[in-house]
Amino acid sequence: MHSSSRGRFRIVSAASALAVASLVLAGCTAPSGNSAIDPNPPKVLKGTVSLWHFFSSSREAGVIQSVVDDFEKANPGVTVQVKSGQDDDKVQKVISSGGNIDVAISYTPEIVGKFCSTGAFVSLNPYIERDNANVADIPKKISDYTVYKGNRCALPALTDTNAMLYNRDLFDKAGIKSAPKTLSELADDAVKMTTYNPDGSIKTLGFNPIVNFYENTPLHLAPMTGATFLDENGRSNYATNPAWAKLLKWQKSLVDKFGYDKLQKFTAGLGQEFSADNAFYKGKVAIEIDGEYRTAFIDDQA
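Keep in mind that what you see is a predicted model, and the values were worked out from it rather than measured. (Residues numbered from 1 in each chain as written. Predicted model: local features only at pLDDT ≥ 70, side-chain atom pairs only at ≥ 80, totals over all residues. Heavy atoms only, no water.)

Observations concerning the pattern of salt bridges
Basically, it comes down to this: Salt bridges are identified by distance alone: a Lys or Arg side-chain nitrogen within 4 Å of an Asp or Glu carboxyl oxygen. A run of H or I in DSSP becomes a helix once it reaches four residues, and a run of E becomes a strand once it reaches two; helices and strands are each numbered from the N terminus. Burial here depends on accessible area, computed with a 1.4 Å probe over protein chains only, as a share of the maximum for the residue type. Under 20% is buried, over 50% is exposed, and the range in between is partly exposed.
The tally for this structure, following the rule as stated, stands at 6 salt bridges. Put simply, Lys252 and Asp256 hold a salt bridge, and the shortest N to O gap is 2.8 Å. Taken together, the residues span about one helical turn, with Lys252 and Asp256 both in helix α9 (residues 242-258) at a distance of 4 residues. Since its relative accessible area comes to 46%, Lys252 is described here as partly exposed. If you follow the salt bridges from partner to partner, you end up with Glu273, Asp290 and Arg294 in one network.

Laid out in structure tokens, this is it:
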């Protein structure tokens, strides 16, 4: 276990890994083969290229900008136009409207299949072959989920490790001695640490089971029961994998304990995930699923 340098937050068992893909885009159509590109790699790079990324904090966006600065210094003929704070939805809308985005950094590999299959993301295969780029160093797991049906339209940019974070002060106040290690323990602890206002509305919540609250996505919750997305034939197994049923039944039972309407009202009043008003910082939520990057945000904001 690791504690942050400020406050009394703790991180326990790693839950899942997330790769963020760096993507090359070209409107809504992709080149079909080597004939669509110059057969000879340019000796000197020249021109202007746009880079969209989702980082919004000055600290994280500053790291991206430092890489851009290094690239422009090494390639003085290239100007990179950076646009920060652009999530996948915004990128998709620009592509759909015929707007120009040359390179984008996404925060999830979940969109690779969708964007590769429609041609929104350009195939990198012709460029890799032409330039003899070595992609063999990419670990197999990461390589698998940045390729769609043999078409590499994305390259890995970074990997996040998700974990369960908990607030030790709230645990101590509830008389809970250790972090939960099973789904039933998590549910029991969540109920114990939930408090209510005089009108019955939720005041503080042990764990928020609402999907899409902060990092509560299927990708991050699946490791809790070992659920997988595809079977051995590469087909969706949502309807057949019992691990999904176990996770959904557990989530539904916890929602029912708190009350769906109460949870929705409580969640609607919480601060933004990547702001200093994050509900976990404020002690409004005792346990959450989050990435390793949260420790830096805690140091900076809490």
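That shown, we press on.
Section: helix α1 (residues 58-74)
Which entries qualify depends on this criterion: Expected span, for any helix, means 1.5 Å times one less than how many residues it has. Residue contacts are defined here by distance: any two heavy atoms, one from each residue, within 4.5 Å place the two residues in contact.
With 17 residues, α1 should cover 24 Å at 1.5 Å per step; its first-to-last C-alpha distance of 24 Å lies within 8% of that length. Elements in contact with the buried residues of α1: β3 (47-53), β4 (78-83), β5 (103-105) and α11 (294-301).

A word on the packing of aromatic side chains
As a reminder, the rule being used: When two rings of Phe, Tyr or Trp (its six-membered ring) have centres within 6.5 Å they constitute a pair, described as stacked for plane angles under 30 degrees, edge-to-face for angles over 60, and tilted for the intermediate range. We call a charge positioned above a ring when the Lys NZ or Arg CZ atom is no farther than 6 Å from the ring centre and deviates by at most 35 degrees from the ring normal.
Per the counting criterion, the structure on display carries 12 aromatic pairs. Judged by centre distance (5.8 Å) and plane angle (90 degrees), the rings of Phe229 and Tyr238 are edge-to-face. Its relative accessible area of 44% is what places Tyr238 among the partly exposed residues. Taking the centre distance of 5.3 Å and the plane angle of 70 degrees together, the rings of Phe229 and Trp244 count as edge-to-face. Placement of Phe229 in the loop between α8 (218-221) and α9 and of Trp244 in helix α9 is noted, with a sequence separation of 15 residues between them. Clustering of aromatic rings is evident, with ring pairs tying together Phe54, Phe55 and Tyr107. Between Arg59 and the ring centre of Phe297, over which it is positioned, the NZ or CZ distance is 4.5 Å.

Comments concerning the packing of helix α7 (residues 183-192) against α9
Defined as follows: Note on geometry: axes are C-alpha line fits, over the in-contact stretch for helices, and angles between N-to-C directions span 0 to 180 degrees. An angle below 35 degrees is read as roughly parallel, one above 145 as roughly antiparallel, one from 65 to 115 as roughly perpendicular, and any other as oblique. Crossings are assigned a handedness: left-handed for a near helix turned anticlockwise from the far helix by less than a right angle, right-handed for a clockwise turn. Three categories are distinguished: nonpolar for Ala, Val, Leu, Ile, Met, Phe, Trp, Tyr, Cys and Pro, charged for Asp, Glu, Lys and Arg, and polar for the others, with Gly belonging to the last.
Where α7 meets α9, the axes come as close as 11 Å, and the angle between the chain directions of the two elements is 15 degrees. With respect to their mutual orientation, α7 and α9 come out roughly parallel. The way α7 lies across α9 gives a crossing that is right-handed. When α7 is examined against α9, the residues Leu183, Ser184, Leu186, Ala187, Ala190 and Val191 are found in contact with a partner set consisting of Lys246, Trp250, Leu254, Lys257 and Phe258. Class assignment of the residues belonging to the contact of α7 with α9 gives a composition of 8 nonpolar, 1 polar and 2 charged.

Observations concerning helix α10 (residues 260-268)
The cut-off we apply is this: The directions from the helix axis to the C-beta atoms form the arc being described.
Three or more residues of α10 are buried, namely Leu263, Phe266 and Thr267. In an axial view of α10, the angular spread of the buried residues amounts to 95 degrees, which keeps them on one side of the axis. Across α10 from its buried face, at more than 90 degrees, point the exposed residues Asp261, Lys265 and Ala268. Close packing links the buried residues of α10 with β10 (202-207), α9 and β11 (285-291).

Regarding the nonpolar core
The line we're drawing: Buried Ala, Val, Leu, Ile, Met, Phe, Trp, Tyr and Cys residues form a nonpolar core when they are joined through side-chain atoms within 4.5 Å.
Among the nonpolar cores identified, the biggest contains 34 residues, and Phe207, Trp250, Phe258, Leu263, Leu270 and Ile287 are the most heavily contacted of them. Elements with a contribution of two residues or more to this core: β8 (154-167), α7, β10, α9, α10 and β11. Sequence-distant contacts of Ile287, that is, excluding residues within four places in its chain, are made with Met164, Leu165, Tyr166, Phe171, Pro180, Leu186, Met193, Gly206 and Phe207. Core analysis: the second largest hydrophobic core is formed by 14 residues, Phe115, Ala120, Phe121 and Cys153 among them.

Section: the pairing of β10
Two faces make up the sheet, and in a regular strand the side chains alternate between them. Using the following cut-off: Here a strand pair is declared whenever DSSP counts at least two bridges between the two strands.
Of all 6 residues in β10, 5 are buried; the element is thus mostly enclosed. Here strand β9 (residues 195-196) runs beside β10; their pairing, made up of 2 bridges, is antiparallel. If you follow Thr195 over to β10, its bridge partner there is Thr204. Counted along the chain from β9 to the antiparallel partner β10, the turn is 5 residues long, and its residue Gly200 has a positive phi close to 95 degrees. Bridge analysis of β10 against β11 gives 2 bridges, and the strand direction is parallel. Across the sheet, the residue bridging to Leu205 is Val285, located in β11.

Examining the confidence of the model for the protein chain
Test applied: On a range of 0 to 100, pLDDT expresses the predictor's confidence in each residue.
Summing up the model confidence of the protein chain, the mean pLDDT is 85 and the portion of residues at 70 or higher is 88%. Averaged pLDDT values for the elements of the protein chain fall to 34 in strand β1 (residues 2-3) and rise to 97 in β10. Ignoring residues within four places in sequence, the model shows residues 1-7, a span with pLDDT below 50, making 16 contacts including any to other chains. Note that pLDDT drops below 50 for residues 25-35; the model gives that stretch 32 contacts with residues more than four away or on any other chain.

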